[in-house]
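For reference, the chains in residue letters:
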Amino acid sequence: MHWIDWLIVGAYLTWIVWTGIQHTKDSHEIEGYFLANRSLPWWAVGLSVMATQLSAITLIGTTGQAYADGMRFLQFYFALPIAMIVLSVTLVPFFHRAHVFTAYEYLERRFDAKTRAMTSLLFLLSRGMSTGVVISAPAVVLSVVFGWNFTLTCLAIGLPTALYTMYGGVQAVTWTDVKQMFLIVGGLVAAVIALILGLPDGVGLGDALHIAGATGRMRTFDFTFSFTDQYTFWSGTIAALFLFLSYFGTDQSQVQRYLTAKSIDEARSSLLMSAYWKIPLQALVLLVGVLLFAFHLFTPPPLLFNKVEEARVRSSASAGELQALEQRYESVRRERGETARALNAARQSGDDTAIAAETSRFRAAEAGMKTLRDEATTLVSRVTGQRYNDVNYVFPTFITTYMPIGVVGLLLAAIFAAAMSSIAAELNSLSTATVIDFYRRFARKEASDAHYLAVSKIATGFWGTFACIVAIYAAELGSLIEVVNRFGSFFYGSILGVFMLAILWKRASGHAAFVSLLVGMGTVGYVAFTTDVAFLWLNVVGALTVFTVGVLLSLVMPRQPARANPQ
Amino acid sequence: MSDPASRAGGPRDSGDTDMSRTYLSVFIVWVLVLGALYAFQWYFTH
């Protein structure tokens, strides 16, 4: 990497840490440290909400997914605006009026301490591990593509983030998120422009999208109804609605963002910003992937983008197989390029018969390419004994191979920004749940604000260190992380069910909520392990099971003394 | 810390106004965005 690109990345890291640490002076007491004294404007909170959700995994993984599969993934976000409206009407005013620090604190006021502790513990377990994944996933890709040391890459992402989050609290998280969001969008726009400029003469943006459309990559809508297919219109509008209600309504990493808003209306407006912009922004990310596909129709892509894994295969007993695949690949790749150009020429001539014939030839060549790439990735998996996803390396390889000096640094800074904005929000929320839901609730109920502030900073530092350790040992912990992530998907819908019970069913008691939460998680686990139901639908199963069981139990269980009811 | 129950059901405060028109506009924009995406898909796949 050129020294100018290093300079840009270094300047970005210095700038963001400096910006974050400057907010230390705004966080002299615990309410300032965790909730910015509920003083932030809606637009800053809104940008922070969006930045938290947009991680480096989104930039690297989603562009790769669109390269291979097209725009279909966009359906996953279709329900998000509706979820934001529902939350603005329901949970946002409840949380604000209750003046809580955490979403789970509200559950104790409505139910009891054990329901609060259980939901908060589930959050800490899954979010603590997933923060490690948010660090390690981009670090793996960047270390391979740029030849960096993996541990140092993890530390370069995790430590500065932990540092400014620890000192500056939520103010640092929010105001760095705002800056990082502009950098991320700027990086995406720069990538789109570079890709359009990288197309050959005679092939414009419209031509490229038409050619990509011939392979089905411009298909956004799939109206097939299936419980086993993850990305369809129906799973995106029904099942994902439950996921977004749970994520934005009950996950502390998101709830804490809008608890910092000046008022209920400002909190609502911050969520509605995502309602307006999330789908277009995600479309922009996916468009980068589709344009990468179009770019590589005319600029030869390698058979394998991950050069480290390719070298492992080349030095193994299967090297001959790889060489044979590469020989076949060369002719198929050339044929696909020629058919793409022929299709473009036919389109420009307007001859429908020629268009139909060239489309058919192009699709056949593309199918041949896909078969060969599938064979190559299967070969890597067989040699390494691990699951392998080559598409994660497409966008970073494009950056390092085809981008000019300066833009490489900008795009790398954008990837760092995406990772750090998510990690900072997660560390801040992990610290809040640890201190408010456990330390202040069970260990030290009465103490000075200065004491709680000191403990909060230690908790943030602890979770930052924990996330870095998980990230560094992620390869060894692979199966454990998968279990934890799967476990996380078991309880997302179930926790939403508990909140539904709290708000919609006045008679629901603490015992009923707690037992129904356990039943809901067990049911989701059973469905996940014994059927092929797509994970989005597990959120529906969890939420509806908890709500139904909770209602039935509250009818048969003796009524507990009334607690604070939000209604 | 004050009891939220005393306020949760109380009158709207100054920062809590009726945002029905905003929700309606979000819904309309949502429908328009989905419509635009469908048109986008149709145009580039035909």
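All residue numbers refer to position in the chain's written sequence, counted from 1. Key to labels: chains lettered from A, ligands numbered from 1, both in the order written. Only residues with pLDDT of at least 70 are given local features in this predicted model, and only at 80 or more are side-chain atom pairs given and counted; all residues enter the totals for whole chains, interfaces and linings.

## A few points about the overall build of chain A
Secondary structure elements follow DSSP: runs of H or I of four or more residues count as helices, runs of E of two or more count as strands, with numbering from the N terminus. Counting its regular elements, chain A contains 22 helices and zero strands. Dimensions of chain A, computed from the C-alpha atoms along their principal axes, are close to 75 × 55 × 50 Å. Across chain A, contacts joining residues at least 24 apart in sequence account for 85% of those joining residues at least 6 apart. Residue pairs are scored as contacts if the distance between their C-beta atoms, which are placed from the backbone, is within 7 Å.

## Details of the packing of helix H8 (residues 113-146) of chain A against helix H18 (residues 407-443) of chain A
Geometry of a packed helix pair, given as the angle between the helix axes and the separation of the axes. Residues and elements named next belong to chain A. Between H8 and H18, whose axes approach to 10 Å, the crossing angle comes to 155°. Here H8 lies roughly antiparallel to H18, going by the angle between them. H18 is crossed by H8, and the crossing has left-handed handedness. Contacts from Arg-116, Ala-117, Ser-120, Phe-123, Leu-124, Arg-127, Gly-128, Thr-131, Val-134, Ile-135 and Pro-138 in H8 reach Ile-415, Ala-419, Ser-422, Ile-423, Glu-426, Leu-427, Leu-430, Ala-433, Thr-434 and Asp-437 in H18. Think of each axis as a best-fit line through the C-alpha atoms, taken over the contacting stretch in the case of a helix, with angles from 0 to 180 degrees between the N-to-C directions. Any angle between 65 and 115 degrees counts as roughly perpendicular, while under 35 counts as roughly parallel, over 145 as roughly antiparallel, and the rest as oblique. Helix crossings get a hand from a simple test, with the near helix turned counterclockwise from the far one by less than a right angle marking a left-handed crossing and a clockwise turn marking a right-handed one.

## Some words on the nonpolar core
Residue and element names in this part refer to chain A. The term nonpolar core refers to a group of buried residues, namely Ala, Val, Leu, Ile, Met, Phe, Trp, Tyr and Cys, whose C-beta atoms join them within 7 Å. Any residue whose C-beta has 12 or fewer other C-beta atoms within 10 Å is treated as exposed, any with 20 or more as buried, and any in between as partly exposed, C-beta atoms being built from the backbone. Among the nonpolar cores identified, the biggest contains 193 residues, and Phe-95, Ile-135, Leu-271, Leu-292, Ile-415 and Ala-419 are the most heavily contacted of them. Per-element accounting of this core gives the leading share, 20 residues, to H18. Aside from chain neighbours lying at most four places away, what touches Ile-135 is Cys-154, Ile-157, Gly-158, Ala-419, Ile-423, Ala-467, Cys-468 and Ala-471.

## Some thoughts on the environment of Gln-256 of chain A
Of note, Gln-256 of chain A is situated in helix H12 (residues 252-259). With 81 residues separating them along the chain, Gln-256 of chain A and Trp-175 of chain A place their C-alpha atoms 14 Å apart.

## What about the confidence of the model for chain B?
Of all residues in chain B, 70% have pLDDT values of 70 or greater, and the mean over the chain is 78. This complex was scored by the predictor with a pTM of 0.90 and an ipTM of 0.88. The predictor attaches a confidence to each residue, called pLDDT, with possible values from 0 through 100.

## Comments concerning helix H7 (residues 103-110) of chain A
Within H7 of chain A, eight of the eight residues are buried, leaving the element largely enclosed by the surrounding structure. Within H7 of chain A, burial applies to Ala-103, Tyr-104, Glu-105, Tyr-106, Leu-107, Glu-108, Arg-109 and Arg-110 of chain A.

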